[in-house]
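Chain residues, written in single-letter form:
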Amino acid sequence: MKRLRARMDESILVCTYYGPNGERLIKRGCKIANMLDCPLYILTVDSLPQEELSADKAAYIDRWKALAEEHGAEELIIRDNEKRPPVKVIAEVARELNITQIILGQSPQSRWEEIKKGSFVNTLLREISFVDFHIVSIDRSVEDEDNLFDNGTRAYLVKSDEEYRISFTYSDEVIHEGIFYKETGTDFNNGVFKFIKDNKTCQLHVTDDKITKPTSIHASIKEETFKHDQ
């Protein structure tokens, strides 16, 4: 629930992204917003539509929503299906909301990377010089360790011999079309199958191509029960 803030001359925007460090940034923003007693906004930008986000990303967004509610943030802003550079989106949101302070993370960047791509922070400073920045150093190794699934692959849910399984070839047996996210580090088709049913996103756990009951494959994923009409 939103809190009534004493100060409206200050407002904070947390620019978060997927991984454990994203929650760290939000908590830093909440702490500063509570100290200043000012409005807090949380922003994430993704080039994909929200319904096509991976199981990992969907779980992080659910966690961010819970944190926003817990700490009385004004809004969790999700700019999905965004084709513009993130810098442009952040600058636009900052102007629209009269943001005075921005919190974001920065991975250690090698000199060669900076020469090739330029510094994200410096680019952002050129876009919006009217705000104060809080740069939080993040641990890239932590981000990498939390990547539990490979990139998604188009797949199909079919029924065969009284059981459900996924197939990567379209046929007349197809019940649903969706995206399969394979667990990293496995040679088998184990992971999560994600599809849209009745305008809702559903996720099914997959073990060796077969649909199985929800397990602890990823504790923060909301488990959906799939019921096939008899």
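Residues numbered from 1 in each chain as written. Predicted model: local features only at pLDDT ≥ 70, side-chain atom pairs only at ≥ 80, totals over all residues. Heavy atoms only, no water.

**Notes on the overall build of the chain**
Okay, so step 1: The helix and strand tally for the chain stands at six helices and 11 strands.
Okay, so step 2: The buried share among the 230 residues of the chain stands at 41%.
Okay, so step 3: Pairs at least 24 residues apart make up 65% of the contacts formed inside the chain by residues separated by at least 6 positions.
Okay, so step 4: Summed over all atoms, the accessible surface of the chain reaches about 13300 Å², with 47% contributed by carbon and sulfur. (Helix = DSSP H or I, 4+ residues; strand = E, 2+ residues; numbered from the N terminus. Buried < 20%, exposed > 50% of the residue type's maximum accessible area, 1.4 Å probe, protein only. Contact = heavy atoms within 4.5 Å. Areas by Shrake-Rupley, 256 points an atom, 1.4 Å probe, with all protein chains shown as cover.)

**Here's the deal with the nonpolar core**
Okay, so step 1: Membership of the largest hydrophobic core comes to 21 residues, with the highest contact counts inside it found for Ile12, Val14, Ile26, Leu40, Trp64 and Ile103.
Okay, so step 2: For this core, the secondary structure elements donating two or more residues are β1 (12–15), α1 (20–36), β2 (40–45) and α2 (55–70).
Okay, so step 3: When near neighbours in sequence (up to four residues on either side) are disregarded, Ile26 contacts Val14, Thr16, Ile42, Trp64 and Leu67.
Okay, so step 4: Leu43, Ile102, Val131 and Phe133 belong to the second-largest nonpolar core, a separate cluster that totals 19 residues. (Core = buried A, V, L, I, M, F, W, Y, C linked by side-chain atoms within 4.5 Å.)

**Some thoughts on the confidence of the model for the chain**
Okay, so step 1: Per-residue confidence for the chain gives a mean pLDDT of 78; residues scoring 70 or more make up 77%.
Okay, so step 2: For residues 140–146, every residue scores under 50 in pLDDT, and the model assigns this stretch 14 contacts once sequence neighbours within four places are set aside.
Okay, so step 3: Note on residues 214–230: pLDDT under 50 across the span, and 37 contacts to partners over four residues away in sequence or across chains. (pLDDT = per-residue confidence, 0-100.)

**Comments concerning the environment of Ile78**
Okay, so step 1: Mapped onto the fold, Ile78 is located in strand β3 (residues 75–79).
Okay, so step 2: Contact partners of Ile78, with chain neighbours within four places excluded, come to Thr44, Gln50, Ile61 and Lys65.

**A short note on the environment of Thr16**
Okay, so step 1: Mapped onto the elements of the fold, Thr16 is located in the loop between β1 and α1.
Okay, so step 2: The spatial distance from the C-alpha of Thr16 to the C-alpha of Ile42 is 7.1 Å, given a sequence separation of 26 residues.
Okay, so step 3: Of note is the side chain of Thr16, whose polar atom sits 3.2 Å from the backbone oxygen of Gly22. (Polar contact = N/O pair within 3.5 Å; in protein donor to acceptor, adjacent residues only side chain to side chain.)

**Digging into the pairing of strand β10 (residues 200–207)**
Okay, so step 1: Where strand β9 (residues 191–197) meets β10, seven bridges bridge the pair, whose relative direction is antiparallel. By the bridge assignment for β10, Lys197 is matched with Lys200.
Okay, so step 2: Between β9 and β10, which pair antiparallel in sequence order, lie two residues; one of them, Asp198, sits at a positive phi of approximately 55 degrees.
Okay, so step 3: Where β10 folds back on strand β11 (residues 210–212), the antiparallel hairpin that results is connected by two residues, among which Asp208 adopts a positive phi of roughly 50 degrees. (Pairing = 2+ DSSP bridges.)

**Some words on the packing of helix α3 (residues 86–96) against helix α5 (residues 120–127)**
If you want to describe how two helices pack, look at the angle between their axes and the distance between the axes.
Okay, so step 1: Where α3 meets α5, the axes come as close as 10 Å, and the angle between the chain directions of the two elements is 40 degrees. Between α3 and α5, the angle is such that the two are oblique. In the crossing of α3 with α5, the sense of the turn from one axis to the other is right-handed. Packed against α3, whose contacting residues are Pro86, Val87, Lys88, Ile90, Ala91 and Arg95, the element α5 presents Phe120, Thr123, Leu124 and Glu127 at the interface. (Axes fitted to C-alpha atoms, helices over the stretch in contact; angles between N-to-C directions. Parallel < 35°, antiparallel > 145°, perpendicular 65-115°, else oblique. Left-handed = near helix turned anticlockwise from the far one by under 90°.)

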